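# Architecture and fold: a report
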Amino acid sequence: QLAETEVLRETMLAAASTLDFDEVLARTIDVLEREMGIEYLGFMLPVEDPSTGEWFMVSHECLLGFEPPDGGFRYPIDECLTGRVWQMGEPRILGDVEHEGPYAVADEDVRSELAIPVRAGDEVVAVLNLESGQPHAFNEQDLRFYSAIAGQLGIAMENAQLFEAERQQRQLAEALEKAAVAVSSTLELEQVLDRILEQVEQVVPGHSFNIMLIENGRARVVRSRGYEKMDLAEEVVERPLPIADYPHWIEMTQSGEPVVVDDTSLDAAWNAREGWLWLRSYMGAPIQVGDTTVGFLSVDGTEPGQFNSDDANRLKTFAS
């Protein structure tokens, strides 16, 4: 009981003293190992594969017992206890993983498991997972204690998410203000476009950025950033490209709305260019004057699933 009290005290102090969730988690793990002597603890997050739509539980950190592969342990939702707990929102104890499943084996020495949902507000956002080499290692008292730990971690996650959302909103407002100043301070188009691209780079997680203007049915890059890292700075402005060859540009021209391509290698409408296999995700927003699309503001990513709807709305604001 003294050990449990010390763990709870340290976790609560960590959650109250910092908005860095990784630090809260690290301090919690440290005191759990020191005071409770746990064999294995994992903090599992639900992650969707953008290319297949399949959900996995992925270890945020592999914490005690054995070393994780690169990117953490990754289990299909329906094949592991943590996935079921995340889906159902209720804790589970497996007294003997060999006979009670579902258990996704990371270590053949594991015999029992305890999984507890972690909530930020009303939403289950993660699962706290404990395992032991002893059968029936966990009981109702463990369930109550680790549920309290999960509650504190949920508070820390929610606080961190709220802080990050506020930080992003503040950053977006500052970037838009600087872009507006650029628009109102000069009639030099190239200067204005350069300033806008600079600010887009501050608030959108891309690897390269460009502004294209439409001339006679072709889109021509007039300003760009980031392509020099791939030795493509000259190629990207070399020749205009026919809009008719790029279905996503046609879509933006007709709809006036942004487009997000999660994975260019799997997108049937994507027109791949030779030497551009590094471009794995794409986001674009039409630049409109009245109801006429006069160009595109585009962002390229090197990883699948790099952009989301929030990023698209930010890009649309800068295009406007």
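The structure this text deals with has already been given above.
Presented here is a report on the structure given in the accompanying data block. (Residues numbered from 1 in each chain as written. Predicted model: local features only at pLDDT ≥ 70, side-chain atom pairs only at ≥ 80, totals over all residues. Heavy atoms only, no water.)

### Digging into the sheet that holds strand β12 (residues 292–301)
Rule in force here: Strand pairing is assigned whenever DSSP detects at least two bridges linking the two strands. Only DSSP runs of H or I reaching four residues or more are called helices, and only runs of E reaching two or more are called strands; each is numbered from the N terminus. Every residue pair with non-hydrogen atoms within 4.5 Å of one another is taken to be in contact. In this analysis an axis means a line fitted to C-alpha atoms, helices contributing only their contacting stretch, and an angle means the value between N-to-C directions, from 0 to 180 degrees.
The strand order across the open sheet formed by 6 strands is β9-β8-β7-β12-β11-β10, and the pairing between neighbours is antiparallel. Of all the strands in the sheet, just β9 (241–242) and β10 (259–261) have a single pairing partner and so form its edges. Packing of helix α8 (residues 309–319) onto the sheet brings it into contact with β10, β11 (281–289) and β12, and relative to β11 it is tilted by some 30 degrees.

### So, unusual backbone geometry
In this structure, H136 takes a positive phi of about 55 degrees despite not being glycine. Mapped onto the secondary structure, H136 falls in the loop between β6 (123–132) and α5 (140–185). Located in the positive-phi region is N216, a residue other than glycine, with phi close to 55 degrees. For N216, the location among the structural elements is in the loop between β7 (208–215) and β8 (218–225).

### As for the packing of aromatic side chains
Spelled out, the test is: Aromatic pairs are defined between Phe, Tyr and Trp rings, using the six-membered ring for Trp, whenever the two ring centres lie within 6.5 Å; interplanar angles under 30 degrees are classed as stacked, those over 60 as edge-to-face, and all others as tilted. Accessibility here uses a 1.4 Å probe with only protein chains present; expressed as a share of the type maximum, an area under 20% marks a residue as buried, one over 50% as exposed, and anything in between as partly exposed. Here, a charge over a ring means that NZ of Lys or CZ of Arg falls within 6 Å of the ring centre while also lying within 35 degrees of the ring normal.
Scanning the entire structure with this criterion turns up 8 aromatic pairs. With centroids separated by 5.3 Å and ring planes inclined at 45 degrees, the aromatic side chains of F21 and F43 adopt a geometry described as tilted. Of the two residues, F21 is situated in helix α2 (residues 21–36) and F43 in strand β1 (residues 40–48); the sequence distance between them amounts to 22 residues. A ring pair is formed by F145 and Y146, whose centres lie 4.7 Å apart and whose planes are at 65 degrees; its orientation type is edge-to-face. By relative accessible area, F145 is classed as buried at 5%. Since its relative accessible area comes to 3%, Y146 is described here as buried. The residue whose ring lies beneath R273 is W276, and the NZ or CZ to ring-centre distance is 4.3 Å.

### Topic: helix α3 (residues 81–88)
Here α3 has its buried residues at L81, T82, G83 and V85. Where α3 ends, the next residue or the one after it, G89, has phi of about 75 degrees, a positive value.

### With respect to the nonpolar core
As a rule of thumb, nonpolar side chains are buried together in soluble globular proteins. Definition in use: We call a set of buried residues a nonpolar core when its members are Ala, Val, Leu, Ile, Met, Phe, Trp, Tyr or Cys and they connect through side-chain atoms within 4.5 Å of each other.
Grouped together as the largest cluster of nonpolar side chains are 30 residues, with contacts concentrated most on F21, F43, V118, L128, L130, Y146 and L153. Within the residue set of this core, elements represented by two or more residues are α1 (2–17), α2, β1, β5 (112–120), β6 and α5. If one sorts the elements of this core by residue count, α5 sits on top with 9 residues. With sequence-adjacent residues up to four places away left out, Y146 is seen in contact with L32, M36, I38, L114, I116, L128 and L130. Core analysis: the next-biggest nonpolar cluster, separate from the first, contains 23 residues, L172, L193, V203 and L297 among them.

### A short note on the pattern of salt bridges
If charged atoms from side chains of opposite charge come close, those side chains can pair. Note the threshold: A carboxyl oxygen of Asp or Glu within 4 Å of a side-chain nitrogen of Lys or Arg is what we treat as a salt bridge.
Within the structure shown, the criterion is met by 11 salt bridges. Between R223 and D194 there is a salt bridge, with its nearest N and O atoms 2.8 Å apart. Of the two residues, R223 sits in strand β8 while D194 sits in helix α6 (residues 189–203), which places them 29 residues apart along the sequence. On the accessibility criterion, R223 (21% relative accessible area) is partly exposed. In this structure, the salt-bridge partner of R220 is E215, at a minimum N-O distance of 2.9 Å. With relative accessibility at 30%, the residue R220 sits in the partly exposed group. Judged by relative accessible area, E215 falls into the partly exposed class, the value being 40%.

### A short note on the pairing of β6
Regular strands place side chains that alternate from one sheet face to the opposite one. Of all 10 residues that make up β6, 9 are buried, and the element is covered over most of its length. Inspection of the sheet shows β1 paired to β6 by 5 bridges, in the antiparallel sense. By the bridge assignment for β6, F43 is matched with L128. Relative to β6, β5 is paired through 9 bridges, and the arrangement is antiparallel. Residue pairing in the sheet places P117 in a bridge with V127 of β6. As consecutive antiparallel partners, β5 and β6 are separated by 2 residues, and within that stretch G121 has a phi angle of approximately 70 degrees, a positive value.

### Comments concerning helix α7 (residues 247–255)
For the record, the criterion: What the arc describes is the spread of directions from the helix axis to the C-beta atoms.
Listed in full, the buried residues belonging to α7 are H248, W249 and M252. Buried residues of α7, viewed axially, fall in a sector of 105 degrees; they line one side. Contacts made by the buried residues of α7 are with β7, β8, β9, β10, β11 and β12. Backbone geometry just downstream of α7 places G256 in the positive-phi region, at approximately 75 degrees.

### Observations regarding the packing of α6 against α8
Quick reminder of the rule: With respect to orientation, any angle under 35 degrees is reported as roughly parallel, any angle over 145 as roughly antiparallel, any angle of 65 to 115 as roughly perpendicular, and every other angle as oblique. By convention the crossing between two helices is left-handed if the near helix lies anticlockwise of the far one by an angle smaller than a right angle, and right-handed if it lies clockwise.
With their axes 11 Å apart at the nearest point, α6 and α8 run at an angle of 165 degrees to one another. What the angle tells us is that α6 and α8 run roughly antiparallel. When the axes of α6 and α8 are compared, the crossing they make is right-handed. In this structure, α6 uses I196, Q199, V200 and V203 to contact α8, whose residues at the interface are R314, L315 and F318.

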